[in-house]
Amino acid sequence: IGDELHHSGWNACSSCHGDPSTSRRFLILPSLLSGRVYVVDTAKDPRVPALHKVVQAEDIAEKTGLGFPHTSHCLATGDIMISCLGDKEGNAAGNGFLLLDSEFNVKGRWEKPGHSPLFGYDFWYQPRHKTMISSSWGAPAAFRTGFDLQHVQDGLYGRHLHVYDWPGGELKQTLDLGSTGLLPLEVRFLHDPSKDTGYVGCALTSNMVRFFKTADGSWSHEVAISIKPLKVRNWMLPEMPGLITDFVISLDDRYLYLVNWLHGDIRQYNIEDPAKPVLAGQVFVGGLLQKGSDVVYVTDDDKEEQYAVPQVKGHRLRG
(Lines give C-alpha, C1' and ligand atoms only; values in the text may rest on other atoms or scores of the structure.)
Protein backbone atom coordinates (compact mmCIF):
# COMPACT_ATOMS: atom_id res chain seq x y z
CA ILE A 1 0.00 0.00 0.00
CA GLY A 2 1.31 3.44 -0.93
CA ASP A 3 4.03 2.23 -3.31
CA GLU A 4 2.81 4.04 -6.47
CA LEU A 5 4.36 2.10 -9.36
CA HIS A 6 5.07 4.22 -12.45
CA HIS A 7 7.76 2.79 -14.74
CA SER A 8 9.25 -0.69 -14.90
CA GLY A 9 12.49 -2.00 -16.37
CA TRP A 10 14.56 -5.16 -16.80
CA ASN A 11 17.81 -6.41 -15.33
CA ALA A 12 19.19 -7.06 -18.83
CA CYS A 13 18.42 -5.70 -22.30
CA SER A 14 20.10 -5.03 -25.63
CA SER A 15 22.84 -3.09 -23.82
CA CYS A 16 24.12 -6.47 -22.57
CA HIS A 17 24.18 -8.10 -26.04
CA GLY A 18 27.89 -8.90 -25.75
CA ASP A 19 27.51 -10.89 -22.52
CA PRO A 20 25.95 -14.35 -23.07
CA SER A 21 25.75 -14.96 -19.30
CA THR A 22 23.00 -12.36 -18.83
CA SER A 23 19.30 -13.05 -19.30
CA ARG A 24 16.24 -10.84 -19.28
CA ARG A 25 14.81 -12.49 -16.20
CA PHE A 26 14.11 -9.93 -13.51
CA LEU A 27 11.51 -7.16 -13.71
CA ILE A 28 12.54 -4.00 -11.85
CA LEU A 29 9.68 -2.07 -10.23
CA PRO A 30 10.64 1.26 -8.61
CA SER A 31 7.96 2.58 -6.25
CA LEU A 32 7.72 6.35 -6.53
CA LEU A 33 6.18 7.22 -3.17
CA SER A 34 7.33 4.47 -0.81
CA GLY A 35 10.85 4.53 -2.24
CA ARG A 36 11.16 0.73 -2.45
CA VAL A 37 12.45 -1.12 -5.51
CA TYR A 38 10.90 -4.54 -6.15
CA VAL A 39 12.76 -7.23 -8.12
CA VAL A 40 10.42 -9.84 -9.64
CA ASP A 41 11.55 -13.17 -11.11
CA THR A 42 9.60 -13.73 -14.35
CA ALA A 43 11.58 -16.75 -15.62
CA LYS A 44 11.14 -19.43 -12.96
CA ASP A 45 7.41 -19.63 -13.70
CA PRO A 46 6.32 -16.96 -16.20
CA ARG A 47 2.64 -17.55 -15.32
CA VAL A 48 3.33 -16.90 -11.63
CA PRO A 49 5.98 -14.18 -11.27
CA ALA A 50 7.68 -14.38 -7.87
CA LEU A 51 9.08 -11.66 -5.65
CA HIS A 52 12.86 -12.10 -5.68
CA LYS A 53 14.05 -9.16 -3.59
CA VAL A 54 12.99 -5.80 -2.16
CA VAL A 55 15.51 -2.95 -2.05
CA GLN A 56 14.32 -0.93 0.93
CA ALA A 57 13.97 2.85 0.83
CA GLU A 58 15.96 3.18 4.05
CA ASP A 59 18.94 1.39 2.50
CA ILE A 60 18.83 3.61 -0.59
CA ALA A 61 18.53 6.81 1.46
CA GLU A 62 21.30 5.83 3.89
CA LYS A 63 23.83 4.99 1.16
CA THR A 64 22.95 7.59 -1.49
CA GLY A 65 20.60 10.20 0.03
CA LEU A 66 18.11 9.49 -2.75
CA GLY A 67 14.35 8.93 -2.67
CA PHE A 68 11.34 8.70 -5.01
CA PRO A 69 12.73 6.23 -7.61
CA HIS A 70 11.04 6.42 -11.02
CA THR A 71 12.66 5.14 -14.24
CA SER A 72 14.83 2.01 -14.46
CA HIS A 73 17.27 1.06 -17.24
CA CYS A 74 19.81 -1.76 -17.43
CA LEU A 75 23.41 -0.92 -18.32
CA ALA A 76 26.02 -2.80 -20.35
CA THR A 77 28.02 -3.25 -17.12
CA GLY A 78 25.25 -5.39 -15.60
CA ASP A 79 24.28 -2.60 -13.22
CA ILE A 80 20.76 -1.17 -12.94
CA MET A 81 20.34 2.61 -13.11
CA ILE A 82 17.25 4.27 -11.63
CA SER A 83 16.37 7.96 -11.71
CA CYS A 84 15.35 9.28 -8.29
CA LEU A 85 13.32 12.46 -8.23
CA GLY A 86 14.36 13.88 -4.88
CA ASP A 87 15.86 13.16 -1.49
CA LYS A 88 13.91 11.19 1.14
CA GLU A 89 12.13 14.40 2.25
CA GLY A 90 10.95 15.13 -1.30
CA ASN A 91 13.20 18.09 -2.06
CA ALA A 92 13.88 18.39 -5.80
CA ALA A 93 17.45 19.53 -5.19
CA GLY A 94 18.25 16.08 -3.77
CA ASN A 95 17.56 14.11 -6.97
CA GLY A 96 20.04 11.94 -8.86
CA PHE A 97 20.65 8.47 -10.27
CA LEU A 98 20.78 5.28 -8.20
CA LEU A 99 23.00 2.35 -9.18
CA LEU A 100 22.20 -1.24 -8.19
CA ASP A 101 24.65 -4.04 -8.97
CA SER A 102 23.69 -7.27 -10.75
CA GLU A 103 22.64 -8.78 -7.40
CA PHE A 104 20.42 -5.74 -6.75
CA ASN A 105 22.52 -4.31 -3.93
CA VAL A 106 22.82 -0.53 -3.56
CA LYS A 107 26.08 0.43 -5.26
CA GLY A 108 25.92 4.23 -5.08
CA ARG A 109 25.08 7.15 -7.36
CA TRP A 110 25.85 7.31 -11.08
CA GLU A 111 26.37 11.04 -11.63
CA LYS A 112 29.50 12.80 -10.44
CA PRO A 113 29.21 14.77 -7.16
CA GLY A 114 27.78 18.23 -7.79
CA HIS A 115 26.33 17.23 -11.17
CA SER A 116 22.69 16.80 -10.14
CA PRO A 117 20.17 19.20 -11.75
CA LEU A 118 17.21 20.61 -9.84
CA PHE A 119 14.57 18.23 -11.24
CA GLY A 120 14.60 14.70 -12.60
CA TYR A 121 12.24 12.22 -14.26
CA ASP A 122 13.01 10.01 -17.29
CA PHE A 123 16.35 9.38 -19.01
CA TRP A 124 17.83 7.65 -22.03
CA TYR A 125 21.39 7.11 -23.18
CA GLN A 126 22.95 6.94 -26.65
CA PRO A 127 26.43 5.39 -26.25
CA ARG A 128 27.65 6.06 -29.78
CA HIS A 129 27.26 9.76 -29.10
CA LYS A 130 28.58 9.44 -25.53
CA THR A 131 25.45 11.16 -24.27
CA MET A 132 22.64 10.63 -21.77
CA ILE A 133 19.66 13.01 -21.66
CA SER A 134 17.27 13.31 -18.72
CA SER A 135 14.05 15.26 -18.31
CA SER A 136 12.48 17.19 -15.44
CA TRP A 137 9.06 16.66 -13.90
CA GLY A 138 8.81 18.31 -10.50
CA ALA A 139 9.51 18.30 -6.78
CA PRO A 140 8.15 15.18 -5.03
CA ALA A 141 7.01 17.40 -2.15
CA ALA A 142 4.63 19.04 -4.66
CA PHE A 143 3.34 16.19 -6.84
CA ARG A 144 2.84 13.60 -4.08
CA THR A 145 -0.11 15.61 -2.76
CA GLY A 146 -1.72 15.88 -6.23
CA PHE A 147 -1.16 18.30 -9.10
CA ASP A 148 -1.68 21.98 -8.32
CA LEU A 149 -1.28 24.49 -11.17
CA GLN A 150 -0.05 27.09 -8.67
CA HIS A 151 3.01 24.90 -8.00
CA VAL A 152 4.08 25.39 -11.63
CA GLN A 153 4.05 29.16 -11.13
CA ASP A 154 5.88 28.67 -7.83
CA GLY A 155 8.77 26.99 -9.66
CA LEU A 156 8.18 23.49 -8.28
CA TYR A 157 8.01 21.90 -11.74
CA GLY A 158 10.62 21.67 -14.47
CA ARG A 159 11.12 22.73 -18.10
CA HIS A 160 14.66 21.56 -18.83
CA LEU A 161 16.59 18.76 -20.49
CA HIS A 162 19.90 17.76 -18.93
CA VAL A 163 22.72 16.53 -21.16
CA TYR A 164 25.29 14.25 -19.51
CA ASP A 165 28.55 12.72 -20.64
CA TRP A 166 28.02 8.95 -21.00
CA PRO A 167 29.06 6.92 -19.16
CA GLY A 168 31.10 9.41 -17.13
CA GLY A 169 28.22 11.16 -15.34
CA GLU A 170 29.32 14.75 -15.89
CA LEU A 171 26.52 17.27 -16.56
CA LYS A 172 27.61 18.96 -19.80
CA GLN A 173 24.65 21.13 -20.82
CA THR A 174 21.17 22.20 -19.70
CA LEU A 175 18.54 23.00 -22.33
CA ASP A 176 15.83 25.43 -21.18
CA LEU A 177 12.66 24.52 -23.10
CA GLY A 178 10.95 27.72 -21.96
CA SER A 179 7.21 28.29 -21.80
CA THR A 180 6.60 25.84 -24.69
CA GLY A 181 8.24 22.95 -22.82
CA LEU A 182 6.58 22.76 -19.41
CA LEU A 183 6.80 19.40 -17.61
CA PRO A 184 9.01 17.45 -20.05
CA LEU A 185 8.44 13.78 -19.24
CA GLU A 186 9.35 10.82 -21.48
CA VAL A 187 12.65 10.88 -23.40
CA ARG A 188 13.16 8.73 -26.51
CA PHE A 189 16.10 8.63 -28.92
CA LEU A 190 15.57 7.17 -32.39
CA HIS A 191 16.38 3.45 -32.33
CA ASP A 192 19.11 3.72 -34.97
CA PRO A 193 22.20 4.00 -32.70
CA SER A 194 24.02 6.19 -35.21
CA LYS A 195 21.32 8.89 -35.09
CA ASP A 196 21.83 11.89 -32.83
CA THR A 197 18.21 12.95 -32.41
CA GLY A 198 15.19 12.14 -30.28
CA TYR A 199 12.07 13.58 -28.67
CA VAL A 200 10.66 14.55 -25.30
CA GLY A 201 6.95 14.95 -24.58
CA CYS A 202 6.10 18.11 -22.64
CA ALA A 203 2.88 17.32 -20.80
CA LEU A 204 1.46 20.63 -19.64
CA THR A 205 2.09 22.53 -22.87
CA SER A 206 1.36 19.40 -24.97
CA ASN A 207 4.31 19.86 -27.29
CA MET A 208 6.64 17.20 -28.64
CA VAL A 209 10.12 18.72 -28.59
CA ARG A 210 12.89 17.33 -30.79
CA PHE A 211 16.45 17.44 -29.45
CA PHE A 212 19.48 17.01 -31.69
CA LYS A 213 23.23 17.44 -31.86
CA THR A 214 24.57 20.50 -33.67
CA ALA A 215 27.65 20.92 -35.86
CA ASP A 216 29.79 22.05 -32.90
CA GLY A 217 28.90 18.96 -30.84
CA SER A 218 26.47 20.71 -28.47
CA TRP A 219 22.76 19.87 -28.27
CA SER A 220 19.79 22.00 -29.27
CA HIS A 221 15.99 21.66 -29.42
CA GLU A 222 12.87 22.75 -31.32
CA VAL A 223 9.11 22.16 -31.08
CA ALA A 224 8.29 19.41 -33.60
CA ILE A 225 4.61 18.73 -32.78
CA SER A 226 2.17 21.07 -31.04
CA ILE A 227 -1.22 19.89 -29.75
CA LYS A 228 -3.58 22.82 -29.36
CA PRO A 229 -5.72 23.01 -26.18
CA LEU A 230 -9.47 22.70 -26.65
CA LYS A 231 -12.04 25.16 -25.39
CA VAL A 232 -14.23 23.20 -22.95
CA ARG A 233 -17.16 23.50 -20.56
CA ASN A 234 -17.86 21.78 -17.23
CA TRP A 235 -14.16 21.35 -16.43
CA MET A 236 -11.70 22.92 -13.95
CA LEU A 237 -10.27 25.28 -16.62
CA PRO A 238 -11.81 26.98 -19.70
CA GLU A 239 -9.22 25.25 -21.91
CA MET A 240 -8.02 21.65 -21.74
CA PRO A 241 -4.52 20.65 -22.89
CA GLY A 242 -4.02 17.28 -24.53
CA LEU A 243 -1.54 16.43 -21.74
CA ILE A 244 0.94 14.25 -23.63
CA THR A 245 1.96 11.53 -21.20
CA ASP A 246 3.81 8.74 -22.98
CA PHE A 247 4.94 8.00 -26.51
CA VAL A 248 6.79 5.33 -28.45
CA ILE A 249 8.81 5.29 -31.66
CA SER A 250 8.39 2.33 -34.03
CA LEU A 251 11.43 0.08 -34.30
CA ASP A 252 12.07 1.19 -37.89
CA ASP A 253 12.05 4.86 -36.76
CA ARG A 254 9.25 5.68 -39.25
CA TYR A 255 6.43 6.47 -36.81
CA LEU A 256 5.91 8.16 -33.47
CA TYR A 257 2.81 7.32 -31.42
CA LEU A 258 1.75 9.72 -28.64
CA VAL A 259 -1.00 9.73 -26.03
CA ASN A 260 -3.15 12.79 -25.36
CA TRP A 261 -4.19 11.68 -21.90
CA LEU A 262 -6.96 14.22 -21.22
CA HIS A 263 -8.37 14.54 -24.74
CA GLY A 264 -8.34 10.74 -25.02
CA ASP A 265 -6.70 10.17 -28.41
CA ILE A 266 -3.64 8.31 -29.64
CA ARG A 267 -1.88 9.91 -32.61
CA GLN A 268 0.45 8.43 -35.19
CA TYR A 269 3.01 10.70 -36.87
CA ASN A 270 5.32 9.90 -39.75
CA ILE A 271 8.81 10.99 -38.62
CA GLU A 272 10.89 9.91 -41.62
CA ASP A 273 11.90 13.57 -41.59
CA PRO A 274 12.42 13.90 -37.79
CA ALA A 275 12.21 17.70 -37.96
CA LYS A 276 8.83 17.67 -39.72
CA PRO A 277 6.45 15.04 -38.30
CA VAL A 278 3.26 14.50 -40.32
CA LEU A 279 0.02 13.33 -38.69
CA ALA A 280 -0.79 9.93 -40.22
CA GLY A 281 -3.47 8.48 -37.94
CA GLN A 282 -5.64 9.21 -34.90
CA VAL A 283 -8.03 7.17 -32.75
CA PHE A 284 -10.01 8.10 -29.64
CA VAL A 285 -9.91 5.45 -26.93
CA GLY A 286 -11.17 7.32 -23.84
CA GLY A 287 -10.33 10.57 -22.12
CA LEU A 288 -12.56 13.26 -20.62
CA LEU A 289 -14.31 14.35 -23.83
CA GLN A 290 -15.97 11.08 -24.84
CA LYS A 291 -19.71 10.78 -25.39
CA GLY A 292 -21.54 10.39 -22.09
CA SER A 293 -19.08 12.56 -20.15
CA ASP A 294 -20.15 15.78 -18.41
CA VAL A 295 -17.29 17.61 -20.12
CA VAL A 296 -17.73 18.94 -23.68
CA TYR A 297 -15.47 20.77 -26.07
CA VAL A 298 -16.64 23.87 -27.90
CA THR A 299 -16.12 24.27 -31.64
CA ASP A 300 -15.19 27.50 -33.40
CA ASP A 301 -18.87 28.11 -34.18
CA ASP A 302 -19.78 27.64 -30.47
CA LYS A 303 -21.25 24.16 -30.78
CA GLU A 304 -20.78 21.60 -27.99
CA GLU A 305 -19.23 18.32 -29.14
CA GLN A 306 -17.85 15.04 -27.74
CA TYR A 307 -15.79 12.25 -29.27
CA ALA A 308 -17.12 8.78 -30.03
CA VAL A 309 -15.08 5.95 -28.54
CA PRO A 310 -15.25 2.73 -30.58
CA GLN A 311 -16.32 -0.67 -29.31
CA VAL A 312 -14.22 -3.80 -29.76
CA LYS A 313 -16.20 -7.07 -29.78
CA GLY A 314 -19.05 -5.33 -27.98
CA HIS A 315 -16.87 -3.76 -25.31
CA ARG A 316 -16.35 0.01 -25.14
CA LEU A 317 -12.71 0.97 -24.80
CA ARG A 318 -11.92 2.45 -21.37
CA GLY A 319 -8.71 4.39 -22.02
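Conventions adopted
- Residues numbered from 1 in each chain as written.
- Predicted model: local features only at pLDDT ≥ 70, side-chain atom pairs only at ≥ 80, totals over all residues.
- Heavy atoms only, no water.
- Helix = DSSP H or I, 4+ residues; strand = E, 2+ residues; numbered from the N terminus.
- Contact = heavy atoms within 4.5 Å.
- Areas by Shrake-Rupley, 256 points an atom, 1.4 Å probe, with all protein chains shown as cover.
- Lys, Arg positive; Asp, Glu negative; His and termini not counted.
- Charge placed at Lys NZ, Arg CZ, Asp CG, Glu CD.
- Polar contact = N/O pair within 3.5 Å; in protein donor to acceptor, adjacent residues only side chain to side chain.
- Salt bridge = Lys/Arg side-chain N within 4 Å of Asp/Glu carboxyl O.
- Buried < 20%, exposed > 50% of the residue type's maximum accessible area, 1.4 Å probe, protein only.

Enquirer: So, the overall build of the protein: which residues are in play, and what are the values?
Expert: If you tally the helices and strands in the protein, you get three helices and 26 strands. Put simply, of all contacts in the protein between residues at least 6 apart along the chain, 45% involve residues at least 24 apart. Counting every atom, the protein has about 15800 Å² of accessible surface; 51% of that belongs to carbon and sulfur. Charge-centre separation for the protein: the mean point of 31 positive side chains lies 4 Å from the mean point of 38 negative side chains.

Enquirer: How would you explain the side chain of serine 135 if you had to name every residue and give the values?
Expert: Structurally, the position occupied by serine 135 is in the loop between strand 10 (131-134) and helix 2 (140-143). A polar side-chain atom of serine 135 sits 3.5 Å from the main-chain carbonyl oxygen of proline 184. A distance of 2.5 Å separates a polar side-chain atom of serine 135 from the backbone oxygen of leucine 185. Excluding residues that lie within four positions of it along the chain, serine 135 makes contacts with Phe119, Gly120, Tyr121, Asp122, His160, Leu161, His162, Pro184, Leu185, Val187 and Val200.

Enquirer: So, the pattern of salt bridges: which residues are in play, and what are the values?
Expert: Oppositely charged side chains can pair when the atoms bearing their charge come close. Per the stated rule, a full pass over the model turns up 15 salt bridges. The salt bridge partner of glutamate 111 is arginine 109, with a shortest N-O separation of 2.8 Å. Overall, arginine 109 belongs to the partly exposed group, its relative accessible area being 33%. With its nearest N and O atoms 2.9 Å apart, the salt bridge here joins aspartate 302 to arginine 233. Taken together, the positions of aspartate 302 in the loop between strand 23 (296-298) and strand 24 (304-305) and arginine 233 in strand 17 (residues 230-233) put the pair 69 residues apart, joining distant regions of the chain. What makes aspartate 302 partly exposed here is its relative accessible area of 47%. Beyond isolated ion pairs, a larger network of salt bridges with shared partners links Lys112, Glu170 and Lys172.

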